[in-house]
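Architecture at a glance
These are the residues of each chain, in order.
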Amino acid sequence: MRTVKAVGLWVGLVILMWANCGLAADGEEFSFQVNPGRVLNRIDEKVYGHFLEHIYHSANNGLWGDLVWNRSMEIAGTGGLWTVEGDELVQSSRSTDIRLLFGDASWGDYEFSCEAMKTGGGEGFLILFRADGDNYYWYNLGGWGNTRHALEKGTQGRGRGQVGRSMNGRIERDKWYKIVLRCKGGQFTITVDGEEWLSYDDSSAHLKGQVGLGTWATQARYRHIKVTDLAGKVLYQELPQVSGDSMPDDWSSYGEGSFEMTGNALNDEYCVKVAGSGSAEAGIEQTPFYIIPQAYQGSLWARGQGGSLIVRLLDGERTLAQARLGKVSASWGEFKFVLKPKQGAKDATLQVGVRGGGTVWIDQVSLMGQDAIDIGGYRPDLYQAVADLRAPIIRWPGGCYASAYRWKTCIGPQYKRVKYPLNLWDDQDTNSYGTDEFLRMCEAQGVEPLIVINCGVLNSTCGAGPIVHPSDMGEYLQDALDWMEYCNGATDTAWGALRAKNGHLKPYGVKYWEIDNETWGAGVEAYIAKVKEFAPAMRAADPSIKLLACGSGSYDMNWNRKLIDACGNLFDYISIHHYESPDRFKEGPRRFEAYIGELGNYISQSSNPKMKIYMSEWNAQSTDWRTGLYAGGLLNGFSRRGDVFEIGGPALFLRHVSARAWDNAFINFDHTGWFAAPNYIVMKLWWDHYAPERIELTGPDDNLNVLATRSQDGKTVYLHIVNPDNTERALSFGLEKPFVPASAEFKYVAPGGLNARNTLEDREAIQIQTKAASLNGQQLRLSVPGYSAGVITITSK
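Residues numbered from 1 in each chain as written. Predicted model: local features only at pLDDT ≥ 70, side-chain atom pairs only at ≥ 80, totals over all residues. Heavy atoms only, no water.

**A closer look at the packing of helix α10 (residues 557–567) against helix α11 (residues 587–604)**
Basically, it comes down to this: The convention used is that axes are lines fitted to C-alpha atoms, helices contributing only their stretch in contact, and that angles between N-to-C directions extend from 0 to 180 degrees. Runs of E in the DSSP output that reach at least two residues are strands. Runs of H or I that reach at least four are helices, and both are numbered from the N terminus. Here the angle decides the label: under 35 degrees means roughly parallel, over 145 means roughly antiparallel, 65 to 115 means roughly perpendicular, and every other value means oblique. Left-handed is the label given to a crossing in which the near helix is rotated counterclockwise from the far helix by less than a right angle, and right-handed is the label when the rotation is clockwise. Here a residue-residue contact requires only that any non-hydrogen atoms of the pair lie within 4.5 Å. Each residue gets one of three labels, nonpolar for Ala, Val, Leu, Ile, Met, Phe, Trp, Tyr, Cys and Pro, charged for Asp, Glu, Lys and Arg, and polar for the others, Gly among them.
Where α10 contacts α11, the two axes come as close as 11 Å, and the packing angle between them is 25°. When the axis of α10 is compared with that of α11, the two are roughly parallel. In this structure, α10 meets α11 at a crossing whose hand is right-handed. Contacts between α10 and α11 involve Met557, Asn560, Arg561, Ile564 and Asp565 from the former and Tyr595, Glu598, Leu599, Tyr602 and Ile603 from the latter. Class assignment for the residues of the contact of α10 with α11 results in six nonpolar, one polar and three charged.

Quick look at the structure:
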């Protein structure tokens with residue numbers, strides 16, 4: 001119902017009544033009735049769960065407290081690892097999106113030919129042409145998990161996408177392919193071994209640019225590289241020049257000598273070789289480090305011929321601390337050190353130097369502050385940011401990351417761990433943060449862990465391309481069962497004994513296990529077969545566990561219906577995903593709440609009506625105030641559907657600000673600190689005022705998104721209010737007896753505009769404010785600002 005303004009003396013009384021609430025005299029009052037005595041549904045606390053995925057340096061170089069980036073020297077980045085061997089050009093990194101451009105940017109029409117051979121990895125070749133900055137083409141041969149070939153076009157400001165038809169096919173290993181690319185105006189043709197594979201006519205073509213070669217998660221060799229004009233005149237016929245020195249990402253060299261990212265590493269593929277040119281010091285360095293006056297414990301591994309090692313921290317030219325490590329030997333050995341700077345620095349440099357000439361191979365460089373060591377190895381400020389959210393449950397390790405994750409390579413001593421096989425969304429994790437690091441954090445913070453297993457389904461939904469499963473990685477089901485035993489088994493089991501050896505005697509007791517992530521690329525039938533294979537075996541191993549299966553992306557009820565009909569009796573939760581445009585902060589929550597209802601109705605008629613819904617990935621794609629309004633509205637929707645909805649988990653959780661995409665994270669950080677996004681602030685506000693029972697609320701059908709809950713003892717009522725309009729609203733709430741209100745307080749966020757956001761430079765542009773609400777008997781009144789989200793706390797007498 002609505003109460004409309006009156007006239008005369010009554011108007012004057014209304015003006016006086018609302019003066020303390022800051023309402024304009026001509027405001028319209030929206031009236032609600034609250035019945036604390038009528039409970040409509042329970043709300044599970046796991047609605048306020050979270051999701052930690054290893055992308056954008058959320059774990060390695062984020063939550064995990066080792067300060068060194070790319071400590072194992074494995075990551076070559078988009079520059080790749082190019083060398084010349086005889087008459088062949090060799091690319092030996094398995095990173096993604098690797099490109100080597102050469103030739104003249106003024107070239108227009110030409111024919112580009114080469115021979116190419118795949119020597120390792122999961123895909124094929126990138127043949128680039130008309131490349132000029134962000135404008136380029138490439139023929140992706142053996143892309144999408146080595147399943148098809150297609151032409152992709154990159155355009156400045158619009159990214160890259162496929163153009164023209166694709167062709168099913170694969171690139172075989174250790175076989176030379178003769179490739180010829182021809183471009184004339186907007187007409188492009190590629191032939192392989194004399195057979196035309198693809199052609200395309202682009203009406204809005206890039207008309208000039210260099211040629212290039214590249215790979216995606218693949219190692220390759222190229223030879224007989226040649227470019228001619230269309231009349232046959234040779235424009236280029238040689239091997240492209242590559243740098244004599246090659247360095248892994250995040251590292252640079254200093255001093256006189258030669259530097260090379262090379263094989264024969266300690267325990268993975270690569271390390272760095274430093275060859276001094278005399279008695280002067282030469283070495284590798286990395287910047288920036290945020291240093292405070294405290295002890296920093298470090299370690300590195302080295303082997304070599306002659307030379308001794310020194311490590312130091314520098315602030316510009318000023319030495320903060322250093323340690324001499326002594327001479328290296330022919331075999332790999334660990335060098336531990338402690339640096340104790342007496343002064344701090346915001347952008348310090350770590351150097352590892354070789355003195356006295358000789359040749360030294362360096363690997364696994366690590367540095368951790370005592371403040372991180374004291375809390376188990378986590379970065380203190382980010383650990384506290386996570387702890388302050390008091391997550392009741394955290395899903396881990398992905399996401400897309402889970403679909404190529406091999407947990408057995410990520411336990412035990414840090415220096416023995418190997419890197420994640422893909423460079424996924426600005427991050428190729430060195431797996432410092434594995435099962436024990438995650439579960440110890442959950443244990444310390446009182447969090448229920450939820451683990452996502454890799455069931456071996458090809459996943460082609462990730463933004464970094466397909467997930468490739470090497471054929472030599474063993475059986476996925478046995479890996480899952482072994483993982484369960486490692487987490488939950490007694491010490492007289494093989495994996496439980498190893499867990500105890502790794503420092504955790506007592507079983508972790510992991511209850512929630514999800515069978516992979518976003519398996520839509522494989523098709524629902526293939527995934528149903530996996531659920532039927534995995535779920536019975538996992539439940540037989542431990543009948544007490546809860547199993548979760550991959551449901552829809554966005555509003556795909558077709559997937560959900562088929563999955564539930566085929567095997568819904570085998571799992572306890574259906575795990576759905578949806579990411580919303582931030583412009584839909586108002587209508588988006590209502591739309592998805594309706595979808596939860598639709599899915600819930602289908603579940604109620606299924607063979608497993610007790611199944612619950614888990615929204616394991618949700619967010620609005622922004623860090624401005626729109627995402628705060630969206631978060632509040634969606635959380636209200638989750639609570640209203642508490643009859644079928646039990647667990648939530650937004651993404652992203654943590655994100656380094658250097659990331660090139662997905663600016664939606666709750667916790668945003670660099671090496672110096674972090675700031676909370678609006679979704680963090682609103683979700684914490686909602687969770688800090690959680691109550692387990694939704695109560696009856698009646699009122700106007702308006703854009704206002706209002707939820708009423710009460711505490712278990714019935715003594716406190718919470719009203720969660722989202723006003724998604726740029727209009728201040730006058731609200732009144734009548735509270736039915738026997739609940740008698742004694743006090744009321746409104747905590748809210750209203751930054752004044754949709755573009756408001758926190759940053760590292762201004763971390764409190766968006767913050768919580770507090771004001772009292774007016775109580776008169778059973779009636780509560782207050783005004784809520786436009787574009788606001790807040791909670792009224794009402795306590796009873």
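**So, the pairing of strand β40 (residues 716–723)**
Formally: The buried label goes to any residue with under 20% of its type's maximum accessible area, the exposed label to any with over 50%, and the partly exposed label to all in between, with areas taken from a 1.4 Å probe on protein chains only. Being paired, for any two strands, means DSSP has found at least two bridges between them.
Burial runs high along β40: eight of the eight residues are buried. The two faces of β40 match: Thr716, Tyr718, His720 and Val722 on one face and Val717, Leu719, Ile721 and Asn723 on the other face are all buried. Note: strand β39 (residues 705–710) against β40, six bridges, orientation antiparallel. Paired with Thr709 across the strands is Tyr718, a residue of β40. Linking two consecutive strands that pair antiparallel, namely β39 and β40, is a turn of five residues; a positive phi of about 75° is found at Gly714 within it. Here β40 pairs with strand β46 (residues 788–796) via eight bridges, running antiparallel. For Val722, the partnering residue across the bridge sits in β46 and is Ala789.

**As for the pattern of salt bridges**
What counts here: By salt bridge we mean one thing: a side-chain nitrogen of Lys or Arg within 4 Å of a carboxyl oxygen of Asp or Glu.
Within this structure, the stated rule accounts for 48 salt bridges. Two residues, Glu88 and Arg221, come together in a salt bridge whose shortest N-O distance is 2.6 Å. On the criterion of sequence distance, the pair formed by Glu88 in strand β5 (residues 88–91) and Arg221 in strand β16 (residues 218–228) is long-range, its members being 133 residues apart. Exposure remark for Arg221: the relative accessible area of 21% places this residue in the partly exposed category. Linking Asp482 and Lys408 is a salt bridge whose minimum nitrogen-to-oxygen distance equals 2.8 Å. A residue pair is termed long-range when its members are at least 10 positions apart, and Asp482 in helix α7 (residues 476–488) and Lys408 in the loop between β28 (393–396) and α6 (435–445) qualify at 74 residues. On the basis of relative accessible area, Asp482 is assigned to the buried category, the value being 9%.

**Focus on the state of the cysteines**
So the rule is basically this: For the purposes of this analysis, a disulfide is any pair of cysteine sulfur atoms at a distance within 2.5 Å.
In total, this model carries zero disulfides according to the counting rule given. With no disulfide of its own, Cys550 lies closest to Cys455 among cysteine sulfurs, the gap being 7.3 Å.

**Some remarks on the side chain of Ser783**
Under the convention used in this document: Definition of a polar contact: a pair of N or O atoms within 3.5 Å, with one able to donate and the other able to accept a hydrogen when the atoms are protein atoms, and with sequence-neighbouring residues admitted only if both atoms are side-chain atoms.
Here Ser783 is to be found in strand β45 (residues 779–784). Relative accessible area serves as the criterion here: at 0%, Ser783 is assigned to the buried category. A distance of 3.2 Å separates polar atoms of two side chains, one belonging to Ser783 and the other to Glu728.

**Digging into empty space enclosed by the protein**
Quick reminder of the rule: Detection works on a 1 Å grid of protein atoms alone, calling trapped sets that fit a 1.4 Å probe cavities and calling open sets with protein on both sides within 12 Å along at least five of seven lines pockets, with lining residues defined by an atom within 4 Å of a point. Grid points are joined across faces, edges and corners, and a volume is the space filled by probe spheres set on the points.
A complete count under the given rule lists four cavities of 30 Å³ or more for this structure. Empty space within the largest cavity amounts to approximately 60 Å³. If you trace the largest cavity, you find it lined by Tyr405, Arg406, Trp407, Ile453, Asn454, Tyr476, Asp479, Ala480 and Trp483. Ranked by residues supplied to the lining of the largest cavity, first place goes to α7 with four residues. Split into classes, the residues belonging to the lining of the largest cavity amount to six nonpolar, one polar and two charged.

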